Amino acid sequence: MGSAIEAKTHKNMPGADKEADLTERIEAFLADLKRGGCGTGPIRGSGETARETTALLRKVTAQARWSSAGDLMEIIRKEGRRMTAAQPSETTVGNMVLRVLKIIREEYARSRGSSEETDQQESLHKLLTSGGLSEENFRQHFVHLKANVIEAINELLTELEGTTDNIAMQALEHIHSNEVIMTVGRSRTVEAFLKDAARKRKFHVIVAECAPFCQGHEMATNLSKASIETTVIADAAIFAVMSRVNKVIIGTQTVLANGGLRAVNGTHTVALAARHHSTPLIVCAPMFKLSPQFPNEEDTFHKFVSPHEVLPFTEGEILSKVNVHCPVFDYVPPELITLFISNIGGNAPSYIYRLMSELYHPEDHDL
Amino acid sequence: MSSRGGKQKKGNVTSEQEEEEQPLQAVLVADSFNRRFFPISKDQPRALLPLGNVAMIDYTLEFLTSTGVQETFVFCCWMSNKIKDHLLKSKWCRPTSPNVVHIITSDLYRSLGDVLRDVDAKNLVRNDFILVYGDVVSNIDVSQALQEHRHRRKVDKNISVMTMVFKESSPGHKTRCEEDDVIVAMDSKSKRVLHYQKTQGLKKLQFPMNIFQHGSDEFEIRHDLLDCHISICSPQVAELFTDNFDYQTRNDFVRGILVNEEILGNQIHLYVTQDGYGARVSNLQMYDSVSLDMVRRWVYPLTPEANFTDQQGQGCTHSRHNVYRGAEVSLGHGSQMEENVLIGRDTSIGANCHISNSVIGNNCTIGDNVVLDRAHMWNNVHVSSNVEIHQSVVCDGAVVKEAVRLNKQCVLAYNVVIGPNLSLPEGTVVSMHHPEEEEEDDDDEFLSDDQEVGHSKDKTRQKAFNPAEVGPEGKGYIWKASMNDTEDEELAQCLWGLVLNPDPESDSESEASEESQDRSRSVSPEIDDVNAFQLEVLGTLQRGLEENIVCDNLVLEINSLKYAYNITLKEVMQILTRVVLEYPFQQQGTQLTTLQYTGSLLPLLKTWSPVFKNYIKRAQDHLDCLSAVEELFLEQDTHQTAMVKVLMKMYQLEILEEEAILKWFSTGATNDKSRQLRKNQGVRRRVRRMSLRRKESAEDESSEEGECGRRGIKTEDLRTV
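Predicted model, so just to flag it, every value in this text is computed and none were measured. (Residues numbered from 1 in each chain as written. Chains lettered and ligands numbered in written order. Predicted model: local features only at pLDDT ≥ 70, side-chain atom pairs only at ≥ 80, totals over all residues. Heavy atoms only, no water.)

**With respect to the pattern of salt bridges**
A complete count under the given rule lists 33 salt bridges over all chains for this structure. With its nearest N and O atoms 3.5 Å apart, the salt bridge here joins Glu 74 of chain A to Arg 77 of chain A. With Glu 74 of chain A and Arg 77 of chain A both in helix 4 (residues 69-86) and three residues apart, the pair spans about one turn of that helix. For Arg 77 of chain A, a relative accessible area of 10% gives the class buried. Arg 222 of chain B serves as the salt-bridge partner of Glu 168 of chain B, at 2.8 Å between the closest nitrogen and oxygen. Placement of Glu 168 of chain B in strand 8 (residues 160-168) and of Arg 222 of chain B in strand 11 (residues 219-222) is noted, with a sequence separation of 54 residues between them. In this structure Glu 168 of chain B comes out as buried when scored by relative accessible area, which is 15%. Accessibility expressed as a relative area gives 14% for Arg 222 of chain B, which makes it buried. One network of salt bridges, in which partners are shared, links Glu 74, Arg 77, Arg 105, Glu 363 and Asp 364 of chain A. (Salt bridge = Lys/Arg side-chain N within 4 Å of Asp/Glu carboxyl O. Helix = DSSP H or I, 4+ residues; strand = E, 2+ residues; numbered from the N terminus. Buried < 20%, exposed > 50% of the residue type's maximum accessible area, 1.4 Å probe, protein only.)

Shown next as structure tokens:
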């Protein structure tokens, strides 16, 4: 292999070395995304994906050749399109691309000295008259723009690092002593949330196992290690057990633009049962999971994986006679959700549109 | 989740070790070395045939890359240029590819053995490598198997040479290839293979006792394994192939290693996985099921919409019931895509079509009221209205005209035109190449004689398409399934791989034939041999007549048959006579009138007279011949009158001498019937005339007197009886 590596380095001219390194990194990341998620959702947590995406975009900002904010935005858009296409179900990647684009817009505006312009569109009147900051205006060259953008992305990274802790910190406000909490499947955020609460309070957690992947088992093991009283139930028992539950706390894969959820399947069942018993349903979702996507975008909404978990390949003859599907996600409509807990505080589903406009620039919604 | 997470961690660990040690290498054999896909693979090598609109070799390379292979050697033989072009254009040869692909081509590879011997000769591999074929579709995570393999090699120095990856799947599974059905006996603890046998439809299987006598006390005998054709090999494997130049396939190798285990001390291990998917597209039956498995997402994440080859415009969307649509697909009013349908880009489908379990390539046009079920259409296919296609493969550029029905397991190879108004029966294979051209081409493969290729092409052009077979506007030739069963060692040529040889004589034909010879030698040779010889002579003469073979050559052939069956000269002559005289019956049935019989026989006698003359030389030969004639006419009582004409003709042709006939007439008469025969008017008159003539010339009174006197007595006798 020594020779092969040599050949590789020979191929790249010294000047283009940085860029080649960058493309190689991007390709590796794309390949990872494509292969990622063998059934149970992402192998890495979506938090990790978000951090990796942001770090990669920072690298792009630092190493790609660009002279103005417009160029940079074009490069980021191009790479962003490829990244989102690689794994459409992984919305965090797209979200992070939008965040970085927004950062570039803000930094550019600040460099021009019109910081009040970059405030949110306060009124309909302003929205109509704010066409001034269009593409060709991004052509202006600023010396410190690169440094500023990288600085801002670093801030974003720091924010991402702290999301889980920020959410967990709010646990004591929501979980009280001797409550019975239900959760479904495994979510790192919920796990941290419950563990944080368990430091001060005693409560009982019921975990729905979430077939066919049964991540609930792992969740229960982790919780019981933190000496939380834990019970695992089959998915079929969710409704039966719901009457005893004080609160349902779940995680999610994506928060959609309408305040609905795209979460691991089984969540809809839980949400409906909770509604029937008027049990509050709390969703722990960091802000990077907030996506400008709406639930009607059919093609990217679903994710079907190998049916192996539902009906093993070893079954033999029956497999040629039946069609087996193994969807990963459920859609939970916003009216079933009581509260979102994000790293910046608690919000009702009806407030999601507002958060959305704070996080992303409306012109970027379509990459 | 826990097991997955754990596995992933382990995978990471191994990859770290790899980085410390040496990169993982793979040998990809982009040639099948058999002709299961034949009329199709004549135009395109098997590795490039599309499966779910992606070339098969891309699946294999993606599999290798995702397992962390960093250097792949692709060996091509048949149509190596096409494979090379494809790879150079693909993402695998981009500078950013984590997997460096080296393409090695040679026309001299005839088997897997040749490839591995070349690997050894060129010293390409330095460490454990993964060996796969170019038509393997898999998403198995082999890092676990790799780790086990490395561990074993570390523990007991270089004893384990190969770890084969198998997937658990119970018998009766659609994706199990019947050709590759194996029975494996293995040590449960060490996973060492003790016995390995292809079942080949055998009912009885034998295991040598000694495999169970040493080693551990737990054994497994498994039939629920699907051979993924993925093997992790030590560098020694290539050396072993060099040492044993008779190894052709992996099967040979495995058997050889197991047989010589005591001597060489090499072992083979097994890795059985339950997760993941792995199968080799070894025939069209497998193509059908793997393609369907892919559309049903068993090979996730290698799904059609993932566009893992990273080609522009190949992407498609996935919606409910596993319906995939590429860009710019148009679907007519009332058309239904029921389930498991993949449609490539720029394809248009007419109104009121029913499509299920099918894959349709790019740029296809499909008319109205078309029913497609398990159809595999490649690119640029044109299908007119009112067509029905069931479980068939339609290759690039084929045209199916109106109201054609393709029944199960039809194959339309490249650029074939079918129809209109035709129903192709089950298992029809249509190709633009004439089946006879194929055999000549086969020779060309070895001779590489361009002149002959041109010659054969000219010949095919002369042959017209048969409108009864391919329709009035059709273009193409029907391939018969039995066309070249001599070609393949185990199976009749069979694209779909359905016809299994039920005989258990697959392991070695030579043994089988030896056995049959032994048997024939031990059991009363004469009767069998004489009968067989008679049939052979009949066949020889028949052929001689049809192909106008010179009599000298016929004699030569009969002589060789004589030695082959150990027949005496006397018997040869008797049989020859018998065969010739029975010939008209053989050809036209036993209901001939005497007149017809003689009519057809006499010219034959004339043609074959040199043959007779060659065998009938001595006086005794003449008598033997006559007795054979007599015997035959005794059996065919109704045609006794013809005897005289036969004798006359044979006399005229100077096959039989006058003297001999007279002698025969005078002697013989061993029983009543033969007497009756001689009494027959014609014979008597003829013989008398003959003897008269003889008397005139030889002036031999006494003999004539004696003859007459004896004859008188005979008639007397007959009357009394």
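**Side note on the confidence of the model for chain A**
All names here are of chain A. On average, chain A scores 85 in pLDDT, and the residues at 70 or more come to 86%. Within the model, pLDDT remains below 50 along residues 1-15, and this stretch shows ten contacts once partners closer than five positions in the same chain are excluded. Note on residues 116-121: pLDDT under 50 across the span, and eight contacts to partners over four residues away in sequence or across chains. (pLDDT = per-residue confidence, 0-100. Contact = heavy atoms within 4.5 Å.)

**Digging into the sheet that holds strand 5 (residues 254-255) of chain A**
Residue and element names in this part refer to chain A. The three strands lie next to each other as 5-6-8, forming an open sheet whose pairing is antiparallel. Strands with a single pairing partner mark the edges of an open sheet, and in this sheet they are strand 5 and strand 8 (329-332). In the sheet, strand 5 pairs with strand 6 (residues 261-264) via two bridges, with the strands oriented antiparallel. Residue pairing for strand 6: Val 255 is matched across the bridge by Leu 261. (Pairing = 2+ DSSP bridges.)

**Looking at empty space enclosed by the protein**
Unoccupied space between atoms shows up once a probe the size of one water molecule is rolled over them. This model, assessed by the stated rule, comprises eight cavities of 30 Å³ or more. Within this model, the largest cavity holds a volume of roughly 130 Å³. Residue classes in the lining of the largest cavity are distributed as seven nonpolar, eleven polar and one charged. (1 Å grid on protein atoms, 1.4 Å probe; cavity = no way out; pocket = protein on both sides within 12 Å on 5 of 7 lines; lining within 4 Å. Points joined across faces, edges and corners; volume = space filled by probe spheres on them. Nonpolar A, V, L, I, M, F, W, Y, C, P; charged D, E, K, R; others polar.)

**Concerning the interface of chain A and chain B**
Across the contact, 42 residues belong to chain A and 45 residues belong to chain B. Regarding the contact of chain A and chain B, the summed buried area is about 3800 Å², with carbon and sulfur atoms giving 55% of it. Between chain A and chain B we count zero salt bridges in total. Looking at the side of chain A that touches chain B, the elements that each hand over two or more residues are helix 2 (17-35), helix 10 (215-225) and helix 13 (298-301) of chain A. In terms of residue count, helix 2 of chain A provides more of the side of chain A that touches chain B than any other element does, five residues in total. (Buried area = accessible area lost by both parts, 1.4 Å probe.)

**Observations concerning unusual backbone geometry**
All names here are of chain B. Along the chain, Tyr 300 connects to Pro 301 via a cis peptide bond; the corresponding omega equals 5°. By the secondary structure assignment, Pro 301 is in the loop between helix 10 (284-295) and strand 15 (316-319). Of the consecutive residues Gly 419 and Pro 420, the connecting peptide bond is found in the cis state with omega at 0°. With respect to the helices and strands, Pro 420 occurs in the loop between strand 30 (417-418) and strand 31 (422-424).

**A closer look at helix 18 (residues 594-615) of chain B**
All names here are of chain B. In a regular helix each residue adds 1.5 Å, so 22 residues correspond to 32 Å; helix 18 covers only 27 Å between its end C-alpha atoms and thus falls short of that length. Trp 608 marks the point of greatest bend in helix 18, at about 60°, and the proline Pro 610 comes within the next four residues. Here helix 18 has its buried residues at Tyr 597, Thr 598, Leu 601, Leu 604, Leu 605, Trp 608, Ser 609, Val 611, Phe 612 and Tyr 615. (Expected span 1.5 Å × (residues − 1). Bend = angle between axes of the 7 residues up to and from the residue.)

**Examining the packing of aromatic side chains**
Per the stated rule, a full pass over the model turns up 13 aromatic pairs over all chains. Centre to centre, the rings of Phe 313 of chain A and Tyr 277 of chain B are 5.3 Å apart; their planes meet at 80°, and the pair counts as edge-to-face. Here Phe 313 of chain A, found in the loop between helix 13 and strand 8, pairs with Tyr 277 of chain B, found in the loop between strand 13 (267-273) and strand 14 (278-280), and the two come from separate chains. The class of Phe 313 of chain A is buried, set by a relative accessible area of 1%. Given a relative accessible area of 0%, Tyr 277 of chain B falls into the buried group. Both rings, one in Tyr 247 of chain B and one in Phe 253 of chain B, keep their centres 5.9 Å apart while their planes meet at 90°; by these two values the pair is edge-to-face. (Phe/Tyr/Trp six-rings, centres within 6.5 Å; stacked < 30°, edge-to-face > 60°.)

**Section: the side chain of Thr 347 of chain B**
Residues and elements named next belong to chain B. Relative to the helices and strands, Thr 347 is located in the loop between strand 19 (341-343) and strand 20 (348-349). Thr 347 gets classed as buried once you look at its relative accessible area, which sits at 0%. At a separation of 3.4 Å, a polar atom in the side chain of Thr 347 contacts the main-chain carbonyl oxygen of Gly 344. Once residues lying within four places of it in the same chain are set aside, the contact partners of Thr 347 are Glu 328, Val 329, Ser 330, Ile 360, Gly 361, Asn 362, Asn 363 and Cys 364. (Polar contact = N/O pair within 3.5 Å; in protein donor to acceptor, adjacent residues only side chain to side chain.)

**Quick word on the pairing of strand 9 (residues 182-187) of chain B**
All names here are of chain B. Where burial is concerned, most of strand 9 is hidden: six out of the six residues are buried. Burial along strand 9 is two-sided: Val 182, Val 184 and Met 186 and Ile 183, Ala 185 and Asp 187, pointing in opposite directions, are all buried. Both strand 9 and strand 10 (residues 193-198) contribute to a ladder of five bridges, which runs antiparallel. Of the residues in strand 10, the one forming a bridge with Met 186 is Val 193. Adjacent in sequence and paired antiparallel, strand 9 and strand 10 are bridged by five residues, among which Lys 191 carries a positive phi angle near 60°.

**Things to note about the sheet that holds strand 17 (residues 330-331) of chain B**
Spatially, the six strands line up as an open sheet ordered 17-20-23-25-27-30 (chain B), and their pairing is parallel. Either end of the sheet is taken by a strand with one partner, and the two such strands are strand 17 and strand 30 of chain B.

**A short note on the packing of helix 18 of chain B against helix 20 (residues 640-652) of chain B**
The axes of two packed helices give the description: the angle between them and the distance between them. Residue and element names in this part refer to chain B. Running from N to C, helix 18 and helix 20 cross one another at 25°; their axes reach a closest spacing of 10 Å. Considering their axes alone, helix 18 and helix 20 lie roughly parallel with respect to each other. Where helix 18 crosses over helix 20, the two elements pack in a sense that is right-handed. Residues Thr 594, Tyr 597, Thr 598, Leu 601, Leu 602, Leu 605 and Phe 612 of helix 18 touch helix 20, and the partners they reach there are Thr 641, Ala 642, Lys 645, Val 646, Lys 649 and Met 650. Of the residues assigned to the contact of helix 18 with helix 20, the class counts are eight nonpolar, three polar and two charged. (Axes fitted to C-alpha atoms, helices over the stretch in contact; angles between N-to-C directions. Parallel < 35°, antiparallel > 145°, perpendicular 65-115°, else oblique. Left-handed = near helix turned anticlockwise from the far one by under 90°.)

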